[in-house]
Amino acid sequence: MAAGPRPILIAPSILSADFARLGEEVRAIDAQGCDWVHVDVMDGHFVPNITIGPAVVAAIRPHTAKVLDVHLMIAPCDAYLEPFAEAGADFITVHAEAGPHLDRSLQLIRALGKKAGVSITPATPANAIWHVLDRVDLVLVMTVNPGFGGQTFIPAMVDKLFSVRAMIGDRPIHLEVDGGITVETAAIVAKAGADVLVAGSAVFKGKRGNDYGGNIADIRASATAAI
Ligand code: DX5
Ligand code: ZN
């Protein structure tokens, strides 16, 4: 990643898309300006919700050439890293809280030829990832408690973003935020150092209704104006 202001990347979360038309929805956000496609995988154990598995990732892969950013909210996770890699994920992000062997999981993801990400829930301190910064290409700071779309942004996460951005320093690591990102909160997180903004309800059910392109552009403009 080049030095200087990082370009803001928008990753719509397809958790808020119409699951009955997922391929079409992925093609729509692709055509209307998203940078990445965020895929929320939930197991009903690590989080109190169940969403999708590797088969759905494989099904949407042919519908976009853009980055598939797979967010694993599952525990344990190691047995599923290869199936998601084979399904076509580009980034595979595991939670620091998902098990005792985070360092090993991150090495596994890179050994599968994929980009590795680590995520921390709101209660987990920034320094929980200090010792794995050289194993990751992305740090995902949850700005809501994981498990559902449409929740409200937790303001206490802004300080954590500043801390993580400082910890990353000039390493080539993306700082991603996820949960409650809107046109308003996009400016706040961008100022705190985030460069990848996940947005579900604000893209698929945003201020411009189902004008996905307009919703994406508004979020990007707000974040870009803040840095
Ligand atoms: C929540 C997921 C998020 C969620 C974001 O656990 O990880 O990606 O879908 O949805 P919004 O943007 O509606 O908060
Ligand atoms: Zn997510």
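Residues numbered from 1 in each chain as written. Chains lettered and ligands numbered in written order. Predicted model: local features only at pLDDT ≥ 70, side-chain atom pairs only at ≥ 80, totals over all residues. Heavy atoms only, no water.

*Asks:* What is the right way to look at the overall build of the protein chain in this model?
*Replies:* Scanning the protein chain from terminus to terminus reveals eight helices and eight strands. Against the compact-globule benchmark of 17 Å for 227 residues, the protein chain has a radius of gyration of 16 Å, which places it among compact chains. The principal-axis extents of the C-alpha atoms in the protein chain amount to approximately 45 × 35 × 35 Å. Among the 227 residues that make up the protein chain, the fraction classed as buried is 54%. Counting only contacts in the protein chain whose residues sit at least 6 apart along the sequence, the fraction spanning at least 24 positions is 66%. Computing the positive centroid from 18 side-chain charges and the negative centroid from 24, the protein chain places the two 4 Å apart. (Helix = DSSP H or I, 4+ residues; strand = E, 2+ residues; numbered from the N terminus. Rg over C-alpha atoms; globule rule 2.2 N^0.38 Å. Buried < 20%, exposed > 50% of the residue type's maximum accessible area, 1.4 Å probe, protein only. Contact = heavy atoms within 4.5 Å. Lys, Arg positive; Asp, Glu negative; His and termini not counted. Charge placed at Lys NZ, Arg CZ, Asp CG, Glu CD.)

*Asks:* What am I meant to see in the coordination of the zinc ion (ligand 2) here?
*Replies:* Ideal geometry at a metal centre: 109.5 degrees between donors when four sit tetrahedrally, and 90 or 180 degrees when six sit octahedrally. Looking at the zinc ion (ligand 2), one finds its protein donor set to be H38 (NE2), D40 (OD), H71 (ND1) and D178 (OD), positioned 2.0 to 2.3 Å from the metal centre. Around the zinc ion (ligand 2), the six donor atoms sit at angles spanning 72 to 170 degrees, and that spread fits a shape best called octahedral. Going along the chain, you hit the donors of the zinc ion (ligand 2) in the pattern H-x1-D-x30-H-x106-D. Note on accessibility: H38 and D40 belong to one class, buried. (Donors = N, O, S within 2.8 Å, 3.2 Å for Na, K, Ca; no water. Tetrahedral: all angles 85-135°; square planar, octahedral: opposite > 155°, others 65-115°.)

*Asks:* Got a minute to help me understand the pairing of strand 6 (residues 138-142) in this structure?
*Replies:* As a general feature of sheets, a regular strand has side chains that alternate between the two faces. Within strand 6, five of the five residues are buried, which leaves the element mostly enclosed by the surrounding structure. Neither face of strand 6 is open: one carries L138, L140 and M142, the other V139 and V141, and all of them are buried. Note that strand 5 (residues 115-120) and strand 6 share four bridges and pair parallel. Counted as the bridge partner of S119 is L140 from strand 6. (Pairing = 2+ DSSP bridges.)

*Asks:* I would appreciate a short explanation of the site of ligand 1 in the present structure.
*Replies:* The environment of ligand 1 is formed by 20 residues, the closest being D40, G147, D178, G200 and S201. Within the side chain of H38, a nitrogen or oxygen atom sits 3.4 Å from an oxygen atom of ligand 1. With respect to ligand 1, the side chain of D178 contributes an N or O atom lying 2.7 Å from an oxygen atom. In the complex, the protein chains occlude 100% of the 380 Å² of accessible area that ligand 1 would expose alone. Taking a 2 Å distance to the grid points as the criterion, the majority of the atoms of ligand 1 fall inside the largest pocket. (Near = heavy atom within 4 Å. Polar contact = N/O pair within 3.5 Å; in protein donor to acceptor, adjacent residues only side chain to side chain. Areas by Shrake-Rupley, 256 points an atom, 1.4 Å probe, with all protein chains shown as cover. 1 Å grid on protein atoms, 1.4 Å probe; cavity = no way out; pocket = protein on both sides within 12 Å on 5 of 7 lines; lining within 4 Å. Sits in = over half its atoms within 2 Å of the grid points.)

*Asks:* Before we go on, may I ask you to explain the nonpolar core in this structure?
*Replies:* In a soluble, globular protein the nonpolar side chains are often hidden away together inside. Membership of the largest hydrophobic core comes to 66 residues, with the highest contact counts inside it found for I14, V39, V139 and L197. Considering every element that reaches this core, the biggest residue donor is helix 5 (residues 157-168), with five residues. When residues no more than four places from it in sequence are discounted, the contact partners of L197 are I8, L9, I10, A11, V177, I181, A186, V189, I219 and A223. (Core = buried A, V, L, I, M, F, W, Y, C linked by side-chain atoms within 4.5 Å.)

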